[in-house]
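Given next are the chains, with one letter for each unit.
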Amino acid sequence: MSDKGSTYLDKILAAKRAELAAPRATRSGALTDRELLELGARLPRPRDFIGALREGPRPGIIAEFKRASPSAGALREGADARQIAMLYAANGAACMSVLCDKHFQGSLDDLRSVRQSVALPLLAKDFILEKTQIVEAKRVGADCVLLIVAALPAPQLRNLIEFAHTLELQVLCETRDEAEIDRAMAAGAKLIGVNSRDLQTFELDPDRAAKLRKYVPKSFTYVAESGVRTIDDALRLRDSGADALLIGSYFMTAEQPGEALRELVMAL
Ligand SMILES: O=P(O)(O)OC[C@@H](O)[C@@H](O)c1c[nH]c2ccccc12
């Protein structure tokens, strides 16, 4: 835990708010809600992220590109997002997640370059607080955006989910307990993730995603996020009924990320 009682998540969100408050070079920075909607609606139609998870073998793998994390430090320093994306696409990923936040050494440019090299449905993994970020994610080629329940008051969560859905983007709504799952479902989420890593402390509770599975009805798509460190971990999550697994560090630290993915997919 960090000093003065503020958590990792608080710090990342404070940095994100400061970034959003600064004058922006991008076109969507100073637009009204209506203009944002019009701009976003003109962008190319996203791919079906949830469909890709549900149609293939279960659980579908969302393979993540992540160069570093605040808790682990460097995972694969200087890694090329396109190169990793092509390995993921060739070795059985259903979808891909791209870390776009600078605390993870990522950016929207990574997502843009991945979009240009693979056809996989893509998740923009970022700390989204406002609509401009959703439009920017769609602009660089996202098909799905992450919204973290712990970072958003209920009305804002509902509002952002609705906005994304209007732009035909899908939303992965990230939760960490039963109350947040209820909030996600009430806000209109269809794709619900449980993160086994606590974003406040970055501590891992490897059983969390399995334990919380029972609170999400089968009509939703359930993603177990984080903490897969072995093939056995993935098998355990599969057996708990997860529809999809979101896995980053395991692949990013593997000597051969493509081989590691293929081996895991074959074991499931
Ligand atoms: O590297 P892992 O333990 O496989 O975790 C991947 C993913 O779940 C994790 O990167 C993540 C889940 N939710 C987030 C929110 C923000 C940043 C990162 C994340």
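Note that the structure is predicted; figures quoted are calculated from it, not measured.

(A) Structural detail: helix H4 (residues 81–90). Those residues of H4 that fall on the buried side of the exposure criterion are Ala81, Ile84, Ala85 and Tyr88. Down the axis of H4, the sector holding all buried residues measures 105°, keeping them to one side. Counted as exposed and oriented over 90 degrees from the buried face of H4: Gln83 and Ala90. If you follow the buried residues of H4, they end up packed against strand S1 (60–65), strand S4 (95–99), helix H5 (108–117), helix H11 (249–252) and helix H12 (257–267). Two or three places before Arg82, at the opening of H4, Asp80 has a side-chain oxygen 3.2 Å from that residue's backbone nitrogen.

(B) Expanded view of the site of the ligand. Residues in contact with the ligand amount to 16 residues; listed here are only the nearest, Glu64, Glu174, Ser226, Gly248 and Ser249. Between a nitrogen atom of the ligand and a side-chain N or O atom of Glu225, the distance comes to 3.2 Å. The separation between an oxygen atom of the ligand and a polar main-chain atom of Gly227 is 2.9 Å. For the ligand, whose free accessible area comes to 440 Å², the fraction covered by protein is 97%. The residue makeup of the shell around the ligand, split by class, is five nonpolar, five polar and six charged.

(C) Fine view of the packing of helix H6 (residues 131–139) against helix H7 (residues 154–166). Contact geometry of H6 with H7 gives a least axis separation of 10 Å together with a crossing angle of 30°. Accordingly, the angle class assigned to the pair H6 and H7 is roughly parallel. With respect to the hand of their crossing, H6 and H7 are arranged in right-handed fashion. Taking contact as the criterion, the partners of Lys131, Ile134 and Val135 in H6 are, on H7, Asn159, Leu160, Phe163 and Ala164. Among the residues making up the contact of H6 with H7, the classes are represented as five nonpolar, one polar and one charged.

(D) Inspection of the pairing of strand S9 (residues 221–225) at higher detail. Of all five residues making up S9, five are buried, and the element is well covered by its neighbours. Of the two faces of S9, both are covered, the one formed by Thr221, Val223 and Glu225 as well as the one formed by Tyr222 and Ala224. Of the strand pairs in this sheet, strand S8 (residues 191–195) and S9 are connected by five bridges, and their pairing is parallel. Each residue of the ladder has a partner; that of Ile192, found in S9, is Tyr222. Alignment of S9 against strand S10 (residues 244–247), held across three bridges, turns out to be parallel. Note that in S10 the partner of Val223 across the bridge is Ala244.

(E) Fine view of the pattern of salt bridges. The tally for this structure, following the rule as stated, stands at 22 salt bridges. The residue Asp243 makes a salt bridge to Arg58 at a minimum N-O spacing of 2.8 Å. Separated by 185 residues along the polypeptide, Asp243 in the loop between helix H10 (231–239) and S10 and Arg58 in the loop between helix H3 (49–55) and S1 bring together distant segments of the chain. A relative accessible area of 41% places Arg58 in the partly exposed class. Residues participating in the shared-partner salt-bridge network are Lys16, Glu19, Asp101, Lys102 and Asp126.

(F) Layout of the packing of helix H2 (residues 33–42) against H6. At a minimum axis separation of 10 Å, H2 and H6 run at an interaxial angle of 15°. Overall, the two elements H2 and H6 adopt an arrangement that is roughly parallel. Viewed along their axes, H2 and H6 form a crossing whose handedness is left-handed. Note on element contacts: H6 touches H2 through Lys131, Thr132, Val135, Lys138 and Arg139, opposite Asp33, Leu36, Leu39, Gly40 and Ala41.

(G) Region of interest: helix H8 (residues 178–186). All buried positions along H8 are accounted for by Glu180, Ile181 and Ala184. End-on view of H8: buried residues confined to an arc of 105°, all on one side of the axis. Along H8, exposed side chains directed more than 90 degrees from the buried face belong to Ala179 and Ala186. Packing partners of the buried residues in H8 comprise H7, strand S7 (170–175) and S8. One side-chain oxygen at the N-terminal end of H8 lies 3.3 Å from the backbone nitrogen of Ala179; it belongs to Asp177. Positive phi shows up at Gly188, right after H8, with a value of about 105°.

(H) Geometry of the packing of aromatic side chains. Scanning the model with the defined rule gives four aromatic pairs in all. One aromatic cluster is present, built from ring pairs that chain together Tyr88, Tyr250 and Phe251.

Scoring rules and cut-offs
Residues numbered from 1 in each chain as written. Predicted model: local features only at pLDDT ≥ 70, side-chain atom pairs only at ≥ 80, totals over all residues. Heavy atoms only, no water. Buried < 20%, exposed > 50% of the residue type's maximum accessible area, 1.4 Å probe, protein only. Helix = DSSP H or I, 4+ residues; strand = E, 2+ residues; numbered from the N terminus. Arc of directions from axis to C-beta. Contact = heavy atoms within 4.5 Å. Polar contact = N/O pair within 3.5 Å; in protein donor to acceptor, adjacent residues only side chain to side chain. Near = heavy atom within 4 Å. Areas by Shrake-Rupley, 256 points an atom, 1.4 Å probe, with all protein chains shown as cover. Nonpolar A, V, L, I, M, F, W, Y, C, P; charged D, E, K, R; others polar. Axes fitted to C-alpha atoms, helices over the stretch in contact; angles between N-to-C directions. Parallel < 35°, antiparallel > 145°, perpendicular 65-115°, else oblique. Left-handed = near helix turned anticlockwise from the far one by under 90°. Pairing = 2+ DSSP bridges. Salt bridge = Lys/Arg side-chain N within 4 Å of Asp/Glu carboxyl O. Phe/Tyr/Trp six-rings, centres within 6.5 Å; stacked < 30°, edge-to-face > 60°.

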